[in-house]
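Read off the chains here:
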Amino acid sequence: MSDDTDIEELKEQTQKGSRVGAAAEQSEEKTDPLLEEYRDIVAGDSSITLSFRDEVIAGILNAAGDDEDLHHSIASPLQAELDNDVEHAGDRSELLRQLVRVGLRNAVPETAEEAREAYGQAVTEDAL
Amino acid sequence: MPTDTEVRASLFLDKGGVGKTTSTAHLGVALAEEHDVLLIDLAGKQNDLAKHFGLWEVIDDQEERWPNISTVLDKDWQTIRNKLPDAVDDMIWDTGEGPDLIPAHGGLDQADDDLANVPVPERYQFVEQFLDEDVRGYDVILVDLPGLTNNVTINGLWATRSVVAPTELGEFERQQMRQLLKDLEELSTEFDPEIDVQMVIPNCVDGRTNLAEELLDDLSEEYRDTLAPEQVPRSQDIRNAQAEGQTVFAIENPSETAQRARSAFEVNAEALINRFQS
């Protein structure tokens, strides 16, 4: 990085403006990271496959894959919570997706709502 | 902290419209007759001190100027100064009447907000560090502060450790003077910098009224040790000069009240220096 670049970065970081302008900037910054990520996802530039290791959850999902009643007992309340079709049981991946969505909605409802809006905006922008 | 040979003072009262900027400009010009004087405007984006010297349009055209006085209040200031050796010189303007000036900047508002995220006491020490390490060659530094107590204000008080308080003669102003003394005492108690009121200047005095005389007598009694030797008379010439971007010292044919105002600022300026030296 050249000295000139350093100075330009410092200027950008430390040039101060009015109180109202700074507040507006902060407000914009709050939704920017989500929107940027969804723009990448919609454009196909970012992965949408997730994976993690957890013995307890793996046990539940494996058992639900073998036992239709257990699968239904988990899937039904999740689908009701998400306003989905109760008759559509879905596969193991779908069950996991719903678990995470319900968790997000209950634990961090504001973030879940911001993500929904940002995703909608990214899709709309892509369609235009 | 100020060195033994350097005079630093903040023009401050926690109230607008008492004559802080006018006093800063005129004391600065009076002091510049015999000293190298720097004026620093921390009073806010309206940049009244620059207007007082007719620099407003030139400086306003450069609102994008950077670094500026609000940059000094940023944690990255020392990095910037190291990369830009002329940064301080580039901030300083010649007023044309004697003193130099570091003008205010619109970013002071945001700087004040940003300071709230800095732990104390560092939050209040940016201007002091700037004056200690970066400003050279001045005998007198006068800082014009906002008419309210915020983080920028405390930075100015901390850096100068001395207050010159212009005050008009009125009950509100008298109460505000008492509050100023309480605030400075609290600051000294909580954070240790000893901040003194060096001079109380009765400003905009209308000598024709009995009420003014009574209030002046009260003020003399209450602030016997710090009261300025001369009161500054109300003068339309001061307002006219401001409108033309100059002080009354630059008026060619001053009125009688303007001459008295000039004399008052000169006497008070000399007294201020003497008080520091003693």
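Here the structure is shown first, and the text comes after it.
What you see is a predicted model, and the numbers here were worked out from it, not measured in a lab.

Trainee: Tell me about empty space enclosed by the protein, and name the residues and values.
Mentor: All names here are of chain B. Taken as a whole, this structure holds one cavity of 30 Å³ or more when the rule is applied. As a volume, the largest cavity reaches approximately 50 Å³. Lining the largest cavity, in full, are Thr167, Glu168, Leu169, Gly170, Glu173, Arg174, Leu215 and Leu219. The set of elements that each furnish at least two residues to the lining of the largest cavity consists of α9 (171–191) and α10 (210–222). Looking at the lining of the largest cavity residue by residue, the class counts come to three nonpolar, two polar and three charged.

Trainee: Which residues make up the sheet that holds strand β7 (residues 196–202) of chain B, and what are the values?
Mentor: Residues and elements named next belong to chain B. Read across the sheet, seven strands follow the order β3-β4-β2-β5-β1-β6-β7 without closing on themselves; strand pairing throughout is mixed. Where the open sheet ends on each side, the last strands, each with one partner, are β3 (93–94) and β7. Two elements, strand β2 (residues 37–41) and strand β4 (residues 100–102), share three bridges in a ladder whose sense is parallel. Residue pairing for β4: Leu38 is matched across the bridge by Asp100.

Trainee: So what about the pairing of strand β6 (residues 162–167) of chain B? Which residues, and what values?
Mentor: Residues and elements named next belong to chain B. Counting buried positions along β6 gives six out of six residues, so the element sits mostly inside the fold. Note that strand β1 (residues 7–11) and β6 share two bridges and pair parallel. What sits directly across from Leu11, in β6, is Val164. With six bridges joining them, β6 and β7 adopt parallel strand pairing. Bridge assignment links Ala165 to a residue of β7, and that residue is Val200. Where the polypeptide runs from β6 across α9 and back to β7, its parallel neighbour, the crossover connection is right-handed.

Trainee: Please give an account of the nonpolar core that cites residues and values.
Mentor: Residues and elements named next belong to chain B. Ranked by size, the top nonpolar core spans 51 residues in total, and within it Ile40, Leu42, Phe130, Val163 and Leu180 carry the most contacts. The dominant element in this core, judged by the number of residues it contributes, is helix α8 (residues 151–160), at five residues. Of all hydrophobic cores here, the second largest spans 38 residues; its members include Ala30, Leu55, Ala241 and Ile273.

Trainee: Kindly report on the interface of chain A and chain B, identifying the contributing residues and their values.
Mentor: The partner chain B presents 21 residues to the 13 residues of chain A that form the contact. Around 1500 Å² of area is buried between chain A and chain B when both sides are counted, 54% of it from carbon and sulfur atoms. Taken as a group, A:Gln15, A:Lys16 and A:Arg19 account for 46% of the area that chain A buries against chain B, more than any other trio of residues on that side. Across the chain A-chain B interface, the total number found is three salt bridges. With a shortest N-O distance of 2.8 Å, A:Lys16 and B:Asp74 are connected by a salt bridge. Linking chain A with chain B are six residue pairs in polar contact (both at pLDDT 80 or more), by the criterion used here. Counting residues per element, the ones that place at least two in the side of chain A that touches chain B are α1 (3–14) and α2 (19–42) of chain A. At seven residues, the largest contribution of residues to the side of chain A that touches chain B is made by α1(A).

Calculation notes
- Residues numbered from 1 in each chain as written.
- Chains lettered and ligands numbered in written order.
- Predicted model: local features only at pLDDT ≥ 70, side-chain atom pairs only at ≥ 80, totals over all residues.
- Heavy atoms only, no water.
- 1 Å grid on protein atoms, 1.4 Å probe; cavity = no way out; pocket = protein on both sides within 12 Å on 5 of 7 lines; lining within 4 Å.
- Points joined across faces, edges and corners; volume = space filled by probe spheres on them.
- Helix = DSSP H or I, 4+ residues; strand = E, 2+ residues; numbered from the N terminus.
- Nonpolar A, V, L, I, M, F, W, Y, C, P; charged D, E, K, R; others polar.
- Pairing = 2+ DSSP bridges.
- Buried < 20%, exposed > 50% of the residue type's maximum accessible area, 1.4 Å probe, protein only.
- Right-handed = clockwise from strand over helix to strand, strands pointing away.
- Core = buried A, V, L, I, M, F, W, Y, C linked by side-chain atoms within 4.5 Å.
- Contact = heavy atoms within 4.5 Å.
- Buried area = accessible area lost by both parts, 1.4 Å probe.
- Salt bridge = Lys/Arg side-chain N within 4 Å of Asp/Glu carboxyl O.
- Polar contact = N/O pair within 3.5 Å; in protein donor to acceptor, adjacent residues only side chain to side chain.

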